[in-house]
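Now for the letters of each chain:
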Amino acid sequence: MPVYSMTGYASATAGAGAPPEAGTNTEGQSARQTGAASASVTVELRSVNGRFLDLNFRLPDEFRSLEPALRDLLASSLRRGKVELRMATRSEADVAWPTPQPDQLNRLGRLENTVQSWLPKAQGLSVHEVLQWCKGGTLTERLDEVALDAARQAIAGLAEARAREGERLVAVLMERVKRLRELAAQVEPLVPAVVQRQQQKFLERWVEALESTGAAQTIARETLQERALNEAAAYAIRIDVAEELARLRAHLDEIARLLNAGGEVGKRLDFLIQELLREANTLGSKSSTLELTNISVEMKVLIEQLREQVQNLE
């Protein structure tokens, strides 16, 4: 199952009585268009990241009644993201004069007679006015299903665009995960040497403190040695980062598993990123050498890059 990005663009045009044709345009975008028709509806969809599914519609007045149906179509296909749907119509009447139909002319004649019976001084309709009225004839009833068909095509195109963008984001995220694993592998052999070195420094300072206070002359040597070793062991436990590394690896394994499994992983990945950052911060706070500090800083940079990219996943 693919991982979907919340960023994408798609457009589709459907015409009344025209055979469908489909295609794809620029990278990350999808376009679908039917063959030539006397009337057509174009739907554009734009999507950006968002915590929830936020739908916005820009519809012509004659298609306002379709908003609930369009909302249902989008909600059934998308889970998160801020989505804007734009709809526009085009017909031959927009660019050419129509041929008046008998029923239209009869209706105009009746309306003109009614008006002139009440307003005798009213002027009659000119040819231009008649053609303008015929040109503006209602198409909404005939184009409702065409508009919904264009919306379905645009939604399918948006899903394809979001899947392609999601595939690219997964590749970027997996590279960051790989680098974090490499850094964790670099830390592991450093830990025993760091702990031993810090223990030795602690024992040296312990002896210096005892000598400066004169406690070495009043307390048995064996007792001092035992107390020093206990304190050194406790200190070593405090600076040991083995547990943090183990948890960090576990989080990285889970992130890789979710990315490979696909589906709606954005929120779960966001939680795991927070846990990764917590482990990296703990590693940095326990760092007692420049090498560990540098690795911790690089980990935080990579984790922040992961967090920024995860915000775009559904």
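Within each chain, residues carry numbers counting from 1 in the order of the written sequence. Local features in this predicted model are restricted to residues whose pLDDT is 70 or higher, and side-chain atom pairs enter the listing and the counts only when it is 80 or higher, whereas totals over whole chains, interfaces and linings include all residues. Processing note: side-chain calculations cover all non-hydrogen atoms of the structure and skip hydrogens and water entirely.

S.K.: Got a minute to help me understand the overall build of the protein in this structure?
M.R.: Within the protein, the secondary structure is distributed over 8 helices and 6 strands. Only protein chains enter the accessibility calculation, which uses a 1.4 Å probe; a residue is then buried when its area is under 20% of its type maximum, exposed when over 50%, and partly exposed in between. Counting every position in the protein, which comprises 314 residues, the buried fraction comes to 37%. Whether two residues are in contact is decided by their heavy atoms: any pair within 4.5 Å suffices. Within the protein, contacts between residues at least 6 apart in sequence are counted, and of these 80% link residues at least 24 apart. Helix numbering and strand numbering both begin at the N terminus, where a helix is a DSSP run of H or I of at least 4 residues and a strand a DSSP run of E of at least 2.

S.K.: What is the right way to read helix α7 (residues 266-286) from this model?
M.R.: Counting along an α-helix, one turn takes 3.6 residues, and residues three or four places apart therefore face a common direction. A rise of 1.5 Å per residue sets the reference length of α7, with its 21 residues, at 30 Å; its end C-alpha atoms lie 31 Å apart and thus fit the reference within 8%. Among the residues making up α7, those that are buried are Gly266, Leu269, Leu272, Ile273, Glu275, Leu276, Glu279, Ala280 and Leu283. In this analysis, the expected span of each helix is defined as 1.5 Å times one less than the number of residues it contains.

S.K.: Please explain the environment of Lys286 as it appears in this structure.
M.R.: Checked against the element boundaries, Lys286 lands in helix α7. Overall, Lys286 belongs to the partly exposed group, its relative accessible area being 21%. If near-sequence neighbours (up to four positions away) are discounted, Lys286 is found in contact with Arg238, Ile239, Asp240, Val241 and Glu244.

S.K.: What am I meant to see in a nonpolar patch on the surface here?
M.R.: On the surface, Val115, Trp118 and Leu119 cluster together into a nonpolar patch covering about 380 Å² of accessible area. The residue Leu119 is located in the loop between α2 (102-118) and α3 (127-135) in this model. Each patch is built from residues lacking any salt bridge and having more than 30% relative accessible area; the joining distance is 9 Å for like charges and 5 Å for nonpolar side chains (Val, Leu, Ile, Met, Phe, Trp, Tyr). Only the protein chains shown count as cover for residues, and the accessible areas themselves come from Shrake-Rupley with a 1.4 Å probe. Within this document, salt bridges are pairs made up of a side-chain nitrogen of Lys or Arg and a carboxyl oxygen of Asp or Glu, the two lying within 4 Å of each other.

S.K.: How should the side chain of Gln104 be read in this particular structure?
M.R.: As for its placement among the helices and strands, Gln104 is situated in helix α2. The class of Gln104 is buried, set by a relative accessible area of 18%. If near-sequence neighbours (up to four positions away) are discounted, Gln104 is found in contact with Trp133 and Cys134.

S.K.: I would appreciate a short explanation of the nonpolar core in the present structure.
M.R.: In summary, soluble globular proteins display a tendency toward joint burial of nonpolar side chains. For the purposes of this section, nonpolar cores are sets of buried Ala, Val, Leu, Ile, Met, Phe, Trp, Tyr and Cys residues that join through side-chain atoms within 4.5 Å. In this structure, Leu180, Val187, Ile255, Leu269, Leu276, Met299 and Leu313 are the most contacted members of the largest nonpolar core, which totals 32 residues. Put simply, the parts of the chain that give this core at least two residues each are α4 (140-213), α6 (242-261), α7 and α8 (290-310). If you tally residues by element for this core, the top one is α4, at 9 residues. Residue contacts for Met299: discarding those within four places in its chain leaves Leu180, Leu183, Ala184, Leu248, Ala280 and Leu283. In this structure, Ala14, Val43, Leu66 and Leu74 belong to the second largest nonpolar core, which totals 27 residues.

S.K.: What am I meant to see in the environment of Leu183 here?
M.R.: Summarising the element assignment, Leu183 is placed in helix α4. In the structure, Leu183 is positioned 109 residues away from Leu292 in sequence and 9.8 Å away in space, judged by C-alpha atoms. When residues no more than four places from it in sequence are discounted, the contact partners of Leu183 are Ile295, Glu298, Met299 and Leu302.

S.K.: Quick question: what am I supposed to make of the confidence of the model for the protein here?
M.R.: Regions with low pLDDT should not have their predicted coordinates read in detail. As a per-residue quantity, pLDDT reports the predictor's confidence and falls between 0 and 100. With 82% of its residues at a pLDDT of 70 or more, the protein has an overall mean of 80. Segment residues 18-37: pLDDT under 50, and 52 contacts once partners within four positions in sequence are set aside and those in other chains are kept.

S.K.: Sorry, what's going on with the pairing of strand β1 (residues 8-15) here?
M.R.: Consecutive residues of a regular strand have side chains that alternate between opposite faces of the sheet. Most of β1 is tucked away: 8 of the 8 residues are buried. Burial of β1 is two-sided: the residues Gly8, Ala10, Ala12 and Ala14 facing one way and the residues Tyr9, Ser11, Thr13 and Gly15 facing the other way are all buried. Where β1 and strand β4 (residues 39-48) come together, 8 bridges link them in antiparallel fashion. Across the sheet, residue Thr13 finds its bridge partner in β4, namely Thr42. Two strands make a pair as long as DSSP finds a minimum of two bridges between them.

S.K.: What is the right way to look at the pattern of salt bridges in this model?
M.R.: Side chains that differ in sign of charge can pair as their charged atoms come close. Enumeration over the complete set of coordinates arrives at 18 salt bridges. When the shortest N-O distance is used, the salt bridge between Glu264 and Arg79 registers 3.2 Å. Here Glu264, found in the loop between α6 and α7, pairs with Arg79, found in the loop between α1 (67-77) and β6 (81-91); they are 185 residues apart in sequence, far enough to count as distant. One salt bridge in this structure joins Glu279 and Arg247, with 3.0 Å as the shortest N-O distance. Residue Glu279 is found in helix α7, and its partner Arg247 is found in helix α6; the two are separated by 32 residues along the sequence. A residue is classified by how much of its surface remains accessible, and Glu279, at 6% relative accessible area, is buried. Several salt bridges converge on common partners, so that one network encompasses Glu243, Glu244, Arg247 and Glu279.

S.K.: When you look at the environment of Gly263 in this model, what are you seeing that I'm missing?
M.R.: Residue placement: Gly263 occurs in the loop between α6 and α7. Once the C-alpha coordinates of Gly263 and Met1 are considered, the two residues, 262 residues apart in sequence, prove to be 5.8 Å apart.

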